[in-house]
Amino acid sequence: MASSGPVLPAEDRRLSPFTGYGRTHWLAVADQLLLDAHRFASPSGARIALPGKASSSGAGSDHLEGFARTFLLFAYRLTGSAGDAPAGLLEAYTDGITAGTDPAHPEAWPAIGQECRQTLVEACSVALGLHLTRPWLWDHLDPAVQEQVTRWFQGVWGLVIPDNNWHMFRVVVGEFLASVGAPHDRAGMDADLARIEDFYVGDGWYRDGGDARRADNFDHYCGWAMHHYPVIWAAFMAGERGTARLPVYRERLRRFLDDFPLFFGADGAPMHQGRSLIYRFAASTAPWIGALADATPLAPGLTRRLASGTLRHFVERGFRDADGIPTLGWYGAFPPMVQGYSGPGSPYWLSKAFVGLLLPDDHPCWTAVEEPLPVEGPDLVRPLAAPGFVLSATRADGVVRLVNHGSDNHLLPGSTTSDPHYARFAYSTATGPVLGDPGGASADNHAGLWDPGLGLSSRTRIHRLGVADRYAASWHRPVWPGTAEPPSARIETASVLWGPWELRAHLVDAPAELALRDSGWQVADERAPRPDSGPSRATATTATGLTSTFVSLHGHDEVAVEAREGSSAFGPRSAVPYATAARTADRTVHVALIGLTGDDAPPPSVRCEIDGSRVTALFPDGTWVLVALGDDQAPGAVELGGTRLDGSMRYARLSPGEPPVVIAFRPTAEVTG
């Protein structure tokens, strides 16, 4: 049942100088995905039974998922082409909906209910697809079948659901029911919409649910769920109710999109951070939604360059298996990165990226000449206070890095298990975290305490200290998986970005017998990265030149490179530079220069001085930085690079030709969150 790759039209480098892709390329990929998926359809078409390990929801839910998520792709394809689609697919989906919602049919879908809540997620895709394709599908159903469909949807009411983006699934289903005159719970929908409001934190960012006192969940769900569904609901489904709410959603989406292109590398790769990364180019959903709803600050050529670049990134590198089915991984299959809720059909949430097909072929997003991404312009560093990130984009290697002092996905109070897709100090468009080693000796971009009996400590709840300029800081309680109580130890970490380099400083309060393990980026490739190390420096370089560097500036005993296999979504062989420190006091300071670069050029020479728990550093361009760690700094004057700075401060930067940047000191008790 093998499939070939999509047959793509010739590139158009005049209109698309960066990617070569246009609307016809998107149509070709969509059609191939649909046709390949339907080779696994059940006889009635109600289930798409893809091979592979079942999700935690079971095979029946997985088969519905394969249908629903490809149906959403089909809906974008059909509606955006005014009813045109590959032959037979409209009939196949019509037959599938008819059989799937018939409880007497042997291929009926699972009922929407508490025993299988995942059906709510898929019901949302079915409802949105039916809304979009109404002139070609719903309006042609027999009235008895229409009633059968609406009865199946009624199961959404009263469900106890995860307190996150799931609230919008019920709103979308309810709005479809309202539009066809079927029973619906308007009060319940209003409550769900109100709960979504609780998740908005400012600057265009939504937290993906939960209680901000216990956790902060910032990731790609902000774009492909928290902006996607409210705007679609308001702009295209909800009539006057939506019209009243749309200005707020538009303003938020515009603000989000101001920064969002920075989350993509020059090769089209989206930032590799957060859960459900198997959805891949669904990361481009929000810019398309902005264009559809007149809610974008982005030029049309930039919108297409971002989206097409991401699509091309995965098409070129191969994201489908031999049968043409998207794998459970980043490129090829990679089980360690897959959450338990994901099954064989889950990757088809990448269908959301094809929402751009709803734009007509003469829309500027399809006709304008592509414009460069931010990473293809001058190097820049941008702080994002709402999610607790600082981004650094460098043109020479096309890589974007994200320093994380705000997003932890720490959902359960007292939990001692951390998620590598949230717990690391840094992520990028070119690397992935170490996976598949829970409680072991390895972690990238991490500072942990080593207990001989328990292994390496984890970073779980992140307590913010501040984000501004090139700086971000936080503290965490080191914990060990399986321990009943978190210890009293504390690690405070500050990051300062300088191009592709990060000055990373730790203040460790813990029993002296606990050693520290401090690490940099994991780089991966088909072949093992080349290690190199010296007295205070360790590097790992891939065959393409991508280089991870760890330079000890203070407080480490030994630096080395750990070679690994099967721990990165980016390649089978990887390496992580790291350092160890045998601590001799209960309070210690450790400082390193951490680099991720596109070549193996020597690291910059950085002069670093330690005064108690204050760190000052001088970079080669004459930039001075000061980082104050802990709560024991006395107020007063500080001289930095020959300039007197008055007052107590947590961070200061002096760069030639720029005014001083000073972040005032506040006790950590005021800012822990």
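Basis of the calculations
Residues numbered from 1 in each chain as written. Predicted model: local features only at pLDDT ≥ 70, side-chain atom pairs only at ≥ 80, totals over all residues. Heavy atoms only, no water. Pairing = 2+ DSSP bridges. Helix = DSSP H or I, 4+ residues; strand = E, 2+ residues; numbered from the N terminus. Axes fitted to C-alpha atoms, helices over the stretch in contact; angles between N-to-C directions. Salt bridge = Lys/Arg side-chain N within 4 Å of Asp/Glu carboxyl O. Buried < 20%, exposed > 50% of the residue type's maximum accessible area, 1.4 Å probe, protein only. Disulfide = S-S within 2.5 Å. Polar contact = N/O pair within 3.5 Å; in protein donor to acceptor, adjacent residues only side chain to side chain. Core = buried A, V, L, I, M, F, W, Y, C linked by side-chain atoms within 4.5 Å. Contact = heavy atoms within 4.5 Å. Phe/Tyr/Trp six-rings, centres within 6.5 Å; stacked < 30°, edge-to-face > 60°. Lys NZ or Arg CZ within 6 Å of the ring centre and 35° of its normal.

> Tell me about the sheet that holds strand S12 (residues 501-509), and please be specific about residues and values.
Spatially, 8 strands are ordered S9-S10-S11-S12-S20-S17-S16-S15 in an open sheet, and the strand pairing comes out antiparallel. Either end of the sheet is taken by a strand with one partner, and the two such strands are strand S9 (463-468) and strand S15 (530-533). Within the sheet, the average angular offset between the axes of one strand and its neighbour, ignoring direction, is 15°. The pairing of strand S11 (residues 490-498) with S12 spans 9 bridges and is antiparallel. Its bridge partner being in S12, Arg-490 is matched across the sheet by Asp-509.

> So what about the pattern of salt bridges? Which residues, and what values?
Think of it this way: side chains of opposite charge can pair up when their charged atoms draw near. Scanning the entire structure with this criterion turns up 39 salt bridges. Close ionic contact of Asp-31 with Arg-77 constitutes a salt bridge, the shortest N to O distance being 2.6 Å. Of this pair, Asp-31 sits in helix H1 (residues 23-38) while Arg-77 sits in helix H2 (residues 59-80), placing them 46 residues apart in sequence. Measuring nitrogen to oxygen at the nearest pair gives 3.3 Å for the salt bridge that ties Glu-562 to Arg-564. Exposure remark for Arg-564: the relative accessible area of 14% places this residue in the buried category. Connected through shared salt-bridge partners, Glu-11, Arg-13, Asp-267, Arg-312, Glu-316 and Arg-317 make up one network.

> Explain the state of the cysteines to me, and be specific about the residues and the numbers.
Scanning the model with the defined rule gives 0 disulfides in all. Between Cys-124, a cysteine without a disulfide, and Cys-116, which holds the nearest cysteine sulfur, the sulfur-to-sulfur distance is 16 Å. A residue is classified by how much of its surface remains accessible, and Cys-124, at 1% relative accessible area, is buried. No disulfide involves Cys-365; its nearest neighbouring cysteine sulfur is the one of Cys-222, lying 20 Å away.

> Report on the pairing of strand S26 (residues 649-654), specifying residues and quantitative values.
By the criterion of burial, S26 is predominantly enclosed, with 6 of the 6 residues buried. Where strand S23 (residues 624-628) meets S26, 4 bridges bridge the pair, whose relative direction is antiparallel. Paired with Leu-626 across the strands is Ala-652, a residue of S26. The pairing of S26 with strand S27 (residues 661-664) spans 4 bridges and is antiparallel. Each residue of the ladder has a partner; that of Met-649, found in S27, is Ala-664. Linkage of S26 to S27, two consecutive antiparallel strands, is achieved through a turn of 6 residues, within which Gly-657 is found at a positive phi near 80°.

> Can you tell me about the side chain of Ser-474, naming the residues and giving the values?
Relative to the assigned elements, Ser-474 resides in strand S10 (residues 471-476). A polar contact of 2.7 Å, which involves the side chain of Ser-474, links it to the side chain of His-405. At 3.1 Å, the side chain of Ser-474 forms a polar contact with the side chain of Arg-459.

> An account of the sheet that holds strand S6 (residues 426-428) is needed here, citing residue identities and associated values.
With respect to topology, 4 strands assemble into an open sheet ordered S3-S4-S5-S6, the strand pairing being antiparallel. Looking at strand neighbours, the two that pair on one side only are strand S3 (380-384) and S6, the edges of this open sheet. Each adjacent strand pair in this sheet contributes to an overall mean axis angle of 20°, direction not counted. Two elements, strand S4 (residues 389-394) and strand S5 (residues 399-404), share 6 bridges in a ladder whose sense is antiparallel. Residue pairing across strands places Thr-394 opposite Val-399, the latter belonging to S5.

> Outline the nonpolar core, listing residues and values.
Within the largest apolar cluster, 137 residues are counted, with the highest numbers of intra-cluster contacts made by Trp-26, Leu-130, Phe-153, Trp-205, Phe-263 and Phe-354. Not counting residues within four places of it along the chain, the set of residues in contact with Phe-263 comprises Trp-205, Ala-269, Pro-270, Met-271, Leu-384, Phe-389, Leu-391, Leu-402 and Thr-429. Ala-473, Ala-505, Val-627 and Val-661 belong to the second-largest nonpolar core, a separate cluster that totals 25 residues.

> So what about the packing of aromatic side chains? Which residues, and what values?
Taken as a whole and assessed by the stated rule, the structure comprises 40 aromatic pairs. Seen from their ring centres, Trp-166 and Phe-169 are 5.9 Å apart, and the 50° between their planes marks the pair as tilted. Residue Trp-166 and its partner Phe-169 are both found in helix H6 (residues 166-179); the two are separated by 3 residues, about one turn of the helix. Relative accessible area serves as the criterion here: at 13%, Trp-166 is assigned to the buried category. Residue Phe-169 is classed as buried on the basis of its relative accessible area, which comes to 1%. Their ring planes at 70° and their centres at 6.5 Å tell us that Trp-233 and Tyr-249 sit as a pair that is edge-to-face. With Trp-233 in helix H8 (residues 221-236) and Tyr-249 in helix H9 (residues 239-259), this pair connects stretches of sequence that are 16 residues apart. When sorted by exposure, Trp-233 lands in the same class as Tyr-249, which is buried. What links up through ring pairs into an aromatic cluster is the set Trp-26, Phe-281, Trp-288, Phe-314, Phe-319, Trp-330, Tyr-331, Phe-354, Trp-366 and Phe-570. Sitting over the ring of Tyr-200, Arg-252 keeps its end group 4.0 Å from the ring centre.

Limitation: the analysis is restricted to geometry and does not speak to function.
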